[in-house]
Amino acid sequence: MQPGQPSRTALGAAAHRAVHQVLDGGRIFADPLAVRILGADIDVAVRDAEDHPSTRKLRLFIAVRTRFAEDALTAAVARGVRQLVVLGAGLDTYAYRTNLGENLRVFEVDHPATQAWKRQRLAEAAISVPSALSFAPVDFERETLADGLAAAGFDPAQQTFFTWLGVVPYLTDQAVFSTLGFIAGLPGGGHVVFDYGNPPDSGPAQDEYAAVREALANGVASLGEAFKIHFETDELHAKLTALGFREVEDLGPALIRERYFANRGGSTPDRGGHIVRATTI
Ligand SMILES: C[S@@+](CC[C@H](N)C(=O)[O-])C[C@H]1O[C@@H](n2cnc3c(N)ncnc32)[C@H](O)[C@@H]1O
């Protein structure tokens with residue numbers, strides 16, 4: 001991120017969710033606030049998506065990861081989770097449209113510059129901040145999540161669900177594993193959903209998605225938010241297990257296709273963007 005500036009990829013991800021409502025009818029992920037929080041930028045975003053059809057793959061990946069995370073959250077709430085932490089929240093709208101009210105305490109954690117910008121956007125869009133939501137400004141590279149959450153009133157003894165979407169690739173190894181270690185060590189138990197990418201240089205030299213992955217890496221780098229970290233799937237799972245996560249569900253490109261795009265046929269190389277759900281209980 002540029003010093004003192006809000007995340008530009010947060011605006012990009014929010015634009016993809018909003019365009020998904022307009023051009024795809026919210027087929028994978030329906031979000032009634034996605035267009036509203038984007039405000040006047042929606043027309044430009046839709047035009048841009050129509051002019052660049054190759055961006056559809058990333059748009060659908062973002063829709064899938066958000067849908068997967070919210071489905072897993074709904075299941076966890078049904079099993080008793082009463083605390084949610086949205087890590088690197090960007091313009092995520094879950095807290096503003098859930099009907100769980102005081103039954104789910106929500107903490108939005110984000111870089112201070114992005115969070116201040118989001119709060120301004122919410123005010124401009126007349127989206128009210130529910131009383132069950134607390135903001136926790138934290139720079140993952142400089143402060144501990146534990147300190148940031150404690151200051152916001154987080155209860156570590158409560159079983160907690162964390163969403164961490166579109167953030168891990170931008171962080172260092174140290175920031176990623178200290179955060180995962182914090183979640184794994186929570187006395188009340190922790191669940192986390194996050195996404196990651198396999199290293200670009202270790203798969204088949206040129207599958208049909210290589211150009212898309214390269215364009216994405218170049219695009220985020222040009223916004224000053226280059227990808228810093230990738231994982232080999234087996235190595236990541238071993239680290240998650242070593243940290244104390246008992247169950248790890250990993251949706252790679254092939255499983256994503258099977259679960260969300262089964263009607264399309266064809267096949268997908270199983271390297272690229274993954275979505276993980278890991279839980280300690
Ligand atoms: C691609 S956006 C994703 C936002 C949101 N989760 C979504 O899916 O729309 C990346 C997010 O990571 C946050 N981020 C990046 N580096 C960070 C850091 N060092 N500390 C805290 N947040 C960070 C940005 O502020 C931004 O909100």
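Before any of the text, the structure's been laid out above.
Visitor: Lay out the overall build of the protein in plain terms, naming residues and giving numbers.
Guide: The helix and strand inventory of the protein stands at 11 helices and seven strands. Taken over the C-alpha trace, the protein has a radius of gyration of 18 Å; the compact-globule value for 281 residues is 19 Å, and the two agree within 12%. Its C-alpha atoms put the protein at 45 × 45 × 40 Å along the principal axes. The buried share of the protein, reckoned over its 281 residues, is 39%. Sequence-distant contacts in the protein: of pairs separated by 6 or more residues, those separated by 24 or more amount to 75%.

Visitor: Break down the packing of helix α1 (residues 8-23) against helix α4 (residues 56-78) for me, with residues and values.
Guide: Where α1 meets α4, the axes come as close as 9 Å, and the angle between the chain directions of the two elements is 90°. Taken together, the axes of α1 and α4 lie roughly perpendicular to each other. Taking contact as the criterion, the partners of Ala13, His16, Arg17, Val19 and His20 in α1 are, on α4, Leu58, Arg59, Ile62, Ala63 and Thr66. Of the residues that constitute the contact of α1 with α4, the class distribution is five nonpolar, three polar and two charged.

Visitor: Report on the environment of Val167, specifying residues and quantitative values.
Guide: With respect to the helices and strands, Val167 occurs in the loop between β4 (160-164) and α8 (173-184). In this structure, the C-alpha to C-alpha distance between Val167 and Ile37, residues 130 residues apart in sequence, is 20 Å. Excluding residues within four positions of it along the chain, Val167 makes contact with Leu87 and Gly88.

Reading the values: rules and limits
Residues numbered from 1 in each chain as written. Predicted model: local features only at pLDDT ≥ 70, side-chain atom pairs only at ≥ 80, totals over all residues. Helix = DSSP H or I, 4+ residues; strand = E, 2+ residues; numbered from the N terminus. Rg over C-alpha atoms; globule rule 2.2 N^0.38 Å. Buried ≥ 20, exposed ≤ 12 C-beta atoms within 10 Å, placed from the backbone. Contact = placed C-beta atoms within 7 Å. Axes fitted to C-alpha atoms, helices over the stretch in contact; angles between N-to-C directions. Parallel < 35°, antiparallel > 145°, perpendicular 65-115°, else oblique. Nonpolar A, V, L, I, M, F, W, Y, C, P; charged D, E, K, R; others polar.

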